[in-house]
Amino acid sequence: MVIKSLRTTARKVVVVAAAGALAATGAIALAGTADAATTLGAAAAARGKYFGAAVSAGHLGEAQYTSTWTTEFNGVTPENEMKWDTIEPNRNQFNFSPADQITTQARGRSMTIRGHTLVWHSQLAGWVSGLDATNLRSAMVNHINGVMGHYKGQIYAWDVVNEAFAENGARRSESPFQQKLGNGYIEEAFRAARAADPAAKLCYNDYNTDGQNAKSNGVFAMVQDFKSRGVPIDCVGFQSHFNSASPVPSDYQANLARFASLGVDVQITELDIEGSGSTQANNYTRVLNACLAVSRCTGITVWGIPDKYSWRASGTPLLFDSNYGKKAAYTAALNALNGGTTDPPPENPPPSGGACTATVTTNQWQDGFVGTVRVTAGSAQVNGWTVTVTLPTGATITSGWNANRSGNIGAVNFTNVSFNGSIAPGQSVEFGYQGTGTGSGATTSCAAG
Ligand code: 9MR
């Protein structure tokens, strides 16, 4: 017993130390542990995700602001400093120093940095909107090259295009990019971005796309089209600005999962929820649990640190009050990140020769669960797989993502979908399911081919 508990402790230390680096590589569901983390960043890292905040360079001189950021968070998005009007105020004259103040500190702490944003109709430098189509196209590509080039290798994910859709699911007509370059401008921007920094994840980011609706359906169709034609796109950002007029939708998690099923990561990019007390706290819990339940949800960013600096301060939408006191919403967020039970990770090495292994991580709540299954190739490439998950008695799967499924109780077979059947030697893919009852204790087996 003593030896086992020492081994377990040692493993947890390794997991926490590795988690920051893993967070930068994508969604890897690591163990939630009995040893609750005491900061948002550490708790998220233990789940293989980042927890960031939007930061303004202008507040960095305030000691409590900077210490709260660097203590609590392991990620950052410059709130305004990378927007076009700040970073390229005149044609081909770049002003990187406000953003650099943030990225320098973030890099020193190995934070996950989101770049926000390259192509957006708002906070656009005045000189851009007067250009004709030819000049606008070259200015757009030059902007992408200039900004992404400066930060090459430093940015986890870029919001390449921001807020390009209207509420009815059509393209937003007031964008000069839309008006002069037509529908193709988003694809052009993503292709230029891939060339400028091949290591960065390329995201499309928007608001009011948090549930299934006309607008998110429009974005969904675009992402589906991009994936089918090989246009580079890696992630979709869900801003998640909520209040009583725009509450957390009931299908929030399902909407994240349907985008993830297209083969892109999803990220919660600008989270804030107006309100106070337990109502606000419960809403934060819902949002965080949704991200935790979707393996391709790689991280969460709150849109500011203390309420007083929020873009809508009167709605007190953040996790810290204006004196940096931790609100009920903070505690709820930390608990959600620390919550859930997790089956121990496998201790056997993966098999050799074209075979595969599967492990399941179960996030259990009172009467339901989400299982995240990781399928790993042995020493040879896997081309197609079937994973059998044997559920405990009484557990029933109600939905799933990133795999085809037969059955919902007992021994349930999952086979790969089109985009995750091929697994390179030693690499992994993930799929998931949600259900009712007790899912902890499920066992798995994997057959390749
Ligand atoms: O938080 C930002 C605020 O300081 C700016 O004044 C505002 C200007 O448009 O932009 C805010 O951030 C926005 C983000 O860049 C894109 N999504 C909506 C955010 C809130 O307006």
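Below is a short write-up of the structure.

## Here we look at the side chain of Thr-301
Turning to step 1, where the next piece is worked out: Relative to the assigned elements, Thr-301 resides in strand 9 (residues 297-302).
Turning to step 2, where the next piece is worked out: Taking relative accessible area as the criterion, Thr-301 reaches 1% and is therefore assigned buried.
Turning to step 3, where the next piece is worked out: Not counting the four nearest positions on each side in its chain, Thr-301 is found in contact with Tyr-50, Gly-52, Ala-53, Ala-54, Thr-77, Arg-114, Ile-268, Thr-269, Glu-270 and Leu-271.

## A few points about the sheet that holds strand 19 (residues 443-448)
Turning to step 1, where the next piece is worked out: The strand order across the open sheet built from four strands is 15-16-13-19, with neighbouring strands paired in antiparallel fashion. Taken across any chain shown, the strands that pair with only one partner, and hence form the sheet edges, are strand 15 (404-406) and strand 19. Averaged over all pairs of adjacent strands, the angle between strand axes in this sheet comes to 20°, irrespective of strand direction.

## Focus: unusual backbone geometry
Both trends apply: most residues other than glycine have a negative phi, and most peptide bonds are in trans.
Turning to step 1, where the next piece is worked out: Cis geometry is adopted by the peptide bond preceding Thr-117, which originates at His-116 and carries an omega value of 0°.
Turning to step 2, where the next piece is worked out: A positive phi angle is found at Gln-123, which is not glycine, with a value near 45°.
Turning to step 3, where the next piece is worked out: Turning to its location among the elements, Gln-123 is positioned in the loop between strand 3 (112-119) and helix 6 (126-129).
Turning to step 4, where the next piece is worked out: With a phi angle near 55°, Glu-163 is a residue other than glycine that sits in the positive phi range.
Turning to step 5, where the next piece is worked out: Looking at the element boundaries, Glu-163 is found in the loop between strand 4 (157-162) and helix 8 (176-181).

## Some remarks on the state of the cysteines
Disulfide: a covalent bond connecting the sulfur atoms of a pair of cysteines.
Turning to step 1, where the next piece is worked out: The full count for this structure, using the stated rule, is three disulfides.
Turning to step 2, where the next piece is worked out: What pairs with Cys-203 in a disulfide is Cys-235, and their sulfur atoms sit 2.0 Å apart. Note on the Cys-203 and Cys-235 pair: the S-S dihedral is about -90°, so by sign convention the disulfide is left-handed. One end of the pair, Cys-203, is in strand 5 (residues 201-206); the other, Cys-235, is in strand 6 (residues 235-238), and 32 residues separate them in sequence.
Turning to step 3, where the next piece is worked out: Two residues, Cys-291 and Cys-297, share a disulfide whose sulfurs are 2.0 Å apart. With the S-S dihedral at roughly -100°, the linkage between Cys-291 and Cys-297 falls on the left-handed side. Assigned by exposure class, Cys-291 and Cys-297 land together as buried.
Turning to step 4, where the next piece is worked out: Here the disulfide map of the chain reads 1-2, 3-4, 5-6, the bonded cysteines being numbered as they appear in the sequence.

Definitions and cut-offs
Residues numbered from 1 in each chain as written. Predicted model: local features only at pLDDT ≥ 70, side-chain atom pairs only at ≥ 80, totals over all residues. Heavy atoms only, no water. Helix = DSSP H or I, 4+ residues; strand = E, 2+ residues; numbered from the N terminus. Buried < 20%, exposed > 50% of the residue type's maximum accessible area, 1.4 Å probe, protein only. Contact = heavy atoms within 4.5 Å. Pairing = 2+ DSSP bridges. Axes fitted to C-alpha atoms, helices over the stretch in contact; angles between N-to-C directions. Disulfide = S-S within 2.5 Å.

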